[in-house]
Amino acid sequence: TEKFKKDFDSRFISSEKIFEKDINRSKIIINTCFQTTLYETMKTGIPMIILFNRKTLNIYPKILRLKELMMSNKIIFDDPLKASEHIKKIWDNPLEWWNSDKVLEVRELFSENCSMETKNNLKYWKEILQNQTYKKS
C-alpha cells in the first residue's frame, strides 16, 4: 500500500477490508483486465468500464463478437481518453446508460457466454468435483 499512497492521493485508497463493500459504494467501476474481478463486478449491476490493451488481450474466438458488441456499446475501451470522455458524458447518471436496452442485452450475452451461473452454484460445483474425483476408469 505504500506504493499506492505514493502514486495516488490517499482519498483514492480504501481502508475497507471487504471488497464487496467498496464495490457497492462505487458509482462506476473501471476494470483493467479480463479476470476474476471483472466477472465478479459484472454481476453487481454497477456501471462498468473496461480498459484493455489490444496487443496483450487474448480472447477466445467464440466470444470475439461479444467483445465487439461491448466495444460498440462503450463498455470496453482500448483508448483511455475515449473511456474518459464516455465517463464524463454519463457521470451524472451512469445507470441510465448501464441499464439501457442495448447495454442490458450485451450484459446478458456476457453472462450467458462467460459466466457459469446456476440457481445453486455450490451444489453445481460440488457435483462436478465429486464426479471428477469418484469417476471410475
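Residues numbered from 1 in each chain as written. Predicted model: local features only at pLDDT ≥ 70, side-chain atom pairs only at ≥ 80, totals over all residues. Heavy atoms only, no water.

### Description of the packing of helix α4 (residues 64–72) against helix α7 (residues 101–114)
Next up, step 1: Following both chains from N to C, one finds α4 and α7 inclined at 155°, their axes separated by 10 Å at the closest point. The angle between α4 and α7 falls in the class roughly antiparallel. As for how α4 packs across α7, the hand of that crossing is left-handed. Of the residues in α7, those in contact with L66, L69 and M70 of α4 are V106, L109, F110, N113 and C114.
Next up, step 2: Partitioning the contact of α4 with α7 into residue classes produces seven nonpolar, one polar and no charged. (Axes fitted to C-alpha atoms, helices over the stretch in contact; angles between N-to-C directions. Helix = DSSP H or I, 4+ residues; strand = E, 2+ residues; numbered from the N terminus. Parallel < 35°, antiparallel > 145°, perpendicular 65-115°, else oblique. Left-handed = near helix turned anticlockwise from the far one by under 90°. Contact = heavy atoms within 4.5 Å. Nonpolar A, V, L, I, M, F, W, Y, C, P; charged D, E, K, R; others polar.)

### Some points on α4
Next up, step 1: Taken together, the buried positions of α4 are L66, K67, L69, M70 and M71.
Next up, step 2: Looking at the buried positions of α4, the neighbouring elements they touch are α3 (36–42), β2 (48–51), β3 (76–77) and α7. (Buried < 20%, exposed > 50% of the residue type's maximum accessible area, 1.4 Å probe, protein only.)

### Overview of the nonpolar core
Next up, step 1: If you look at the biggest cluster of nonpolar residues, it comprises 25 residues, and the most contacted ones within it are M48, I49, I50, M70, I75, W97 and W98.
Next up, step 2: Other than its neighbours up to four places away in sequence, M70 contacts M42, I50, I75, I76, V106 and F110. (Core = buried A, V, L, I, M, F, W, Y, C linked by side-chain atoms within 4.5 Å.)

### Some points on a nonpolar patch on the surface
Next up, step 1: Taken together, the side chains of F4, F8 and F12 define a hydrophobic patch exposed on the protein surface, amounting to about 370 Å² of accessible area.
Next up, step 2: Mapping F8 onto the fold places it in the loop between α1 (2–7) and α2 (19–24). (Patch = residues over 30% accessible without salt bridge, like charges linked within 9 Å, V, L, I, M, F, W, Y side chains within 5 Å. Areas by Shrake-Rupley, 256 points an atom, 1.4 Å probe, with all protein chains shown as cover. Salt bridge = Lys/Arg side-chain N within 4 Å of Asp/Glu carboxyl O.)

### Thoughts on unusual backbone geometry
Next up, step 1: Located in the positive-phi region is K74, a residue other than glycine, with phi close to 60°.
Next up, step 2: Residue position: K74 is located in the loop between α4 and β3.
Next up, step 3: Judged by its relative accessible area of 36%, K74 falls in the partly exposed class.

### Here's the deal with the pairing of β2
When a strand is regular, its side chains alternate between the sheet's two faces.
Next up, step 1: The pairing of strand β1 (residues 29–31) with β2 spans three bridges and is classified as parallel. What sits directly across from N31, in β2, is I50.
Next up, step 2: The parallel pair β1 and β2 is bridged by α3, and the resulting crossover is right-handed.
Next up, step 3: Where β2 and β3 come together, two bridges link them in parallel fashion. (Pairing = 2+ DSSP bridges. Right-handed = clockwise from strand over helix to strand, strands pointing away.)

### Considerations on the side chain of R107
Next up, step 1: The residue R107 is located in helix α7 in this model.
Next up, step 2: No salt bridge is formed by the buried R107. Its closest oppositely charged neighbour is E108, at 7.0 Å.
Next up, step 3: Separated by 2.9 Å, the side chain of R107 and the backbone oxygen of W98 make a polar contact.
Next up, step 4: For R107, the contacting residues outside a window of four places in its chain are M42, G45, W98 and N99. (Lys, Arg positive; Asp, Glu negative; His and termini not counted. Polar contact = N/O pair within 3.5 Å; in protein donor to acceptor, adjacent residues only side chain to side chain.)

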